[in-house]
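Working through the structure, step by step
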Amino acid sequence: MSGKKNAESSGPARHSHSVPAASFPTHNSPRTWFLTSSLTPLAVRLIRQLLTHGDYVVACLPTHEIEHDDRSAEFRELVNECKSNRKDREGWKDRIRSIRCDGRVMGQCSAAVAEAKHVFGRIDILLCCTSEAIVGTVEELSTTPATQNLVRDQFETIFFSQVNFIKASLPTFRAQHTGHIMILTSIGGHIGTPGMAIYTAATWALEGFCDSLAYEVAPFNIKVTIVQPHKEIQSLTNKIIFSPSLPHYDSENNPAPSVRDILTNVLNLNPETALEPSETEIIQRYPKLPPSTMDRLVGETVYALTAIGGHENPPARHIVGFEGAEAVKEKLKTVTEELEDFVEASVAVDIFESELKNEATQDTQGKAKPEGGGGSLSTAST
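Residues numbered from 1 in each chain as written. Predicted model: local features only at pLDDT ≥ 70, side-chain atom pairs only at ≥ 80, totals over all residues. Heavy atoms only, no water.

Let's shift gears to the pairing of strand E6 (residues 179-184). When you tally the buried positions in E6, you get six out of six residues, the bulk of the element. Burial of the side chains of E6 extends over both faces: Gly179, Ile181 and Ile183 are buried on one face and His180, Met182 and Leu184 on the other. Bridge analysis of strand E4 (residues 125-128) against E6 gives four bridges, and the strand direction is parallel. Within E6, the residue paired with Ile125 across the bridge is His180. Sheet topology places E6 next to strand E7 (residues 222-228); six bridges connect them, and they run parallel. Considered in E7, the bridge of Ile181 is made with Val224. As a crossover connection, the stretch from E6 through helix H7 (residues 197-217) into E7 is right-handed. (Buried < 20%, exposed > 50% of the residue type's maximum accessible area, 1.4 Å probe, protein only. Helix = DSSP H or I, 4+ residues; strand = E, 2+ residues; numbered from the N terminus. Pairing = 2+ DSSP bridges. Right-handed = clockwise from strand over helix to strand, strands pointing away.)

Shown next, in the form of structure tokens:
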């Protein structure tokens, strides 16, 4: 299968309609949301919707990001709103709890869950929304010890930190006999992207973990949902790390779509985040988009999270947006076509007779029959 055919385009998604007002499932009392990372532009906008609705929020603040002034600016603004005397913010400060927590440390995750339960009495929805994107081809991430460490860092951030929060929350959900675990990933869970192989691998690992987890916890009335927006949603609202580039993978030499060029062009729109490609240095940036652009970028995803979070019968997976849904449908179509093309190889050594094997065998025999051959061959007995 050609990687280019199914490679996800990382260009900006086209938003041809406005996002409707927030929608929430029917529920009898306010719910408590636990967000594993609350400094992102998406998380801040989601928290505003949740507090407006009357829910409670436990906002985890990654320790390595809270001291970054630009990164935490929107959240600090939200905190000031909660403390203000605005009538439309009344009661907000009593329904939000900020906790500094490094998800990569299991002990801190357990302590954060315990504090949340102590303050609000329960946790209803765990939203695993921590992310960052390592940009670099497989070969570019293999050149030095520093770039090799980026691979481990990517898994620590996307996979292990979220697994830690899930493991810490399971005893609480099981004791309550209810709970909803939501995983915010991207359609990278379906489609690989050239230049983001490690990001894709970590995303697939987390989604595979959650697919298995869903069966394990279903008897305890714990639901699991994977929410997959377009990859640009997570990439442009979290830290982007560029590995040193190799000339062999420049867009002039390699026809594969260059996510490095696409993200660099977006960052270069703002002088504060502009960068020059480097063949020797690892470069990190937090994208800074105009507030109105960010509102449009994350609006669909925020709407999906509020509409699904705590739902009595939530989907196992939810793809956000038209572009993402079309890309996944095209990938699944290709998988189906390849399965049909090689079905004979799949069932050739099947020790059990099956309808699929019979169909494959009949189809092969039909194709092999010579033209004009309508009858069967027979041998005369002697």
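We are not done yet, so read on.
Within the largest apolar cluster, 50 residues are counted, with the highest numbers of intra-cluster contacts made by Leu35, Ile47, Val57, Phe75, Leu127, Met182 and Phe242. If we skip the residues at most four places from it in the chain, Phe75 touches Ser38, Leu39, Val44, Ile47, Ala59, Leu61 and Ser98. Judged by nonpolar contacts, the second largest core, of 28 residues, contains Cys128, Ile166, Ala168 and Phe173. (Core = buried A, V, L, I, M, F, W, Y, C linked by side-chain atoms within 4.5 Å. Contact = heavy atoms within 4.5 Å.)

It is worth spelling out the pattern of salt bridges at this point. Counting across every chain of the model gives 20 salt bridges. Between Lys93 and Asp94 there is a salt bridge whose closest N-O contact spans 3.5 Å. Classification of Asp94 by relative accessible area gives exposed; the value is 54%. As a salt-bridge pair, Glu132 and Lys239 come within 3.9 Å of each other at their nearest N and O atoms. With Glu132 in the loop between E4 and strand E5 (133-135) and Lys239 in the loop between helix H8 (231-235) and strand E8 (240-242), this residue pair connects regions lying 107 residues apart in the sequence. Take Glu132: its relative accessible area is 7%, and that puts it in the buried class. (Salt bridge = Lys/Arg side-chain N within 4 Å of Asp/Glu carboxyl O.)

A few words now on the environment of Pro247. If you trace the backbone, Pro247 turns up in the loop between E8 and helix H9 (259-267). Note: C-alpha distance between Pro247 and Glu279 (32 residues apart in sequence) is 8.2 Å. Setting aside its immediate chain neighbours within four residues, Pro247 contacts Asn253 and Glu279.

Quick look at the packing of helix H2 (residues 41-53) against helix H4 (residues 69-83) now. Close contact between H2 and H4 brings their axes to 9 Å; oriented N to C, the two are set at 15 degrees. With respect to their mutual orientation, H2 and H4 come out roughly parallel. Remark: the crossing between H2 and H4 carries right-handed chirality. Between H2, through Pro41, Val44, Arg45, Ile47, Arg48 and Leu51, and H4, the contact on the second element is made entirely by Arg71, Glu74, Phe75, Glu77, Leu78, Glu81 and Cys82. Here the contact of H2 with H4 is built from residues that sort into seven nonpolar, no polar and six charged. (Axes fitted to C-alpha atoms, helices over the stretch in contact; angles between N-to-C directions. Parallel < 35°, antiparallel > 145°, perpendicular 65-115°, else oblique. Left-handed = near helix turned anticlockwise from the far one by under 90°. Nonpolar A, V, L, I, M, F, W, Y, C, P; charged D, E, K, R; others polar.)

Take the sheet that holds E5 next. By way of backbone hydrogen bonds, the strands of a sheet pair with one another, either parallel or antiparallel. Ordered by their spatial adjacency, three strands build an open sheet running E5-E8-E9, and the pairing between neighbours is mixed. Looking at the sheet topology across the chains shown, the edges are occupied by E5 and strand E9 (283-285). When the angles between neighbouring strand axes are averaged without regard to direction, this sheet yields 20 degrees. Bridge analysis of E5 against E8 gives three bridges, and the strand direction is parallel. Of the residues in E8, the one forming a bridge with Ile134 is Ile241. Each of E5, E8 and E9 touches H9; the most contacted strand, E8, lies at about 125 degrees to it.

The next thing to look at is the packing of helix H6 (residues 145-176) against H7. Two elements in contact, H6 and H7, have axes whose closest approach is 8 Å; the angle formed by their N-to-C orientations is 15 degrees. With respect to each other, H6 and H7 are oriented roughly parallel. Where H6 crosses over H7, the two elements pack in a sense that is right-handed. Across the interface between the two elements, Val151, Gln154, Phe155, Ile158, Phe159, Gln162, Val163, Ile166 and Leu170 of H6 pack against Ile198, Tyr199, Ala201, Ala202, Thr203, Ala205, Leu206, Phe209, Cys210, Leu213 and Val217 of H7. Here the residues of the contact of H6 with H7 are counted per class, giving 17 nonpolar, three polar and no charged.

Alternating positions in E4 separate into two faces, Ile125 and Leu127 on one and Leu126 and Cys128 on the other, with burial throughout. Pairing of strand E1 (residues 32-35) with E4 involves three bridges; the strand directions are parallel. The residue bridging Phe34 from the neighbouring strand is Leu126, located in E4.

Turning our eyes to something else, we now look at the sheet that holds strand E2 (residues 56-61). Read across the open sheet, the seven strands follow the order E3-E2-E1-E4-E6-E7-E10; overall the sheet is parallel. One side of each edge strand has no neighbouring strand; the edge strands of this open sheet are strand E3 (96-100) and strand E10 (317-319). Across the sheet, the mean angle from the axis of one strand to that of its neighbour is 15 degrees, orientation sign disregarded. Packing against the sheet, helix H10 (residues 291-308) makes contact with E1, E4, E6, E7 and E10, and its axis sits at approximately 165 degrees to E6.

The subject of this paragraph is the environment of Ile181. In this fold, Ile181 is placed in strand E6. Note on Ile181: relative accessible area 0%, which makes it buried. Separated by 53 residues in the primary sequence, Ile181 and Cys128 place their C-alpha atoms 7.6 Å from one another.

Although it is not a glycine, His177 sits at a positive phi angle of roughly 60 degrees. If you trace the backbone, His177 turns up in the loop between H6 and E6. When its relative accessible area of 43% is taken as the criterion, His177 is described as partly exposed. A positive phi is found at Asn221, a non-glycine position, where the angle reads about 65 degrees. Looking at where Asn221 falls in the secondary structure, it is placed in the loop between H7 and E7. Looking at Asn221, the relative accessible area reads 30%, which means it is partly exposed.

Fair warning: the whole summary comes from geometry, so function is off the table for now.
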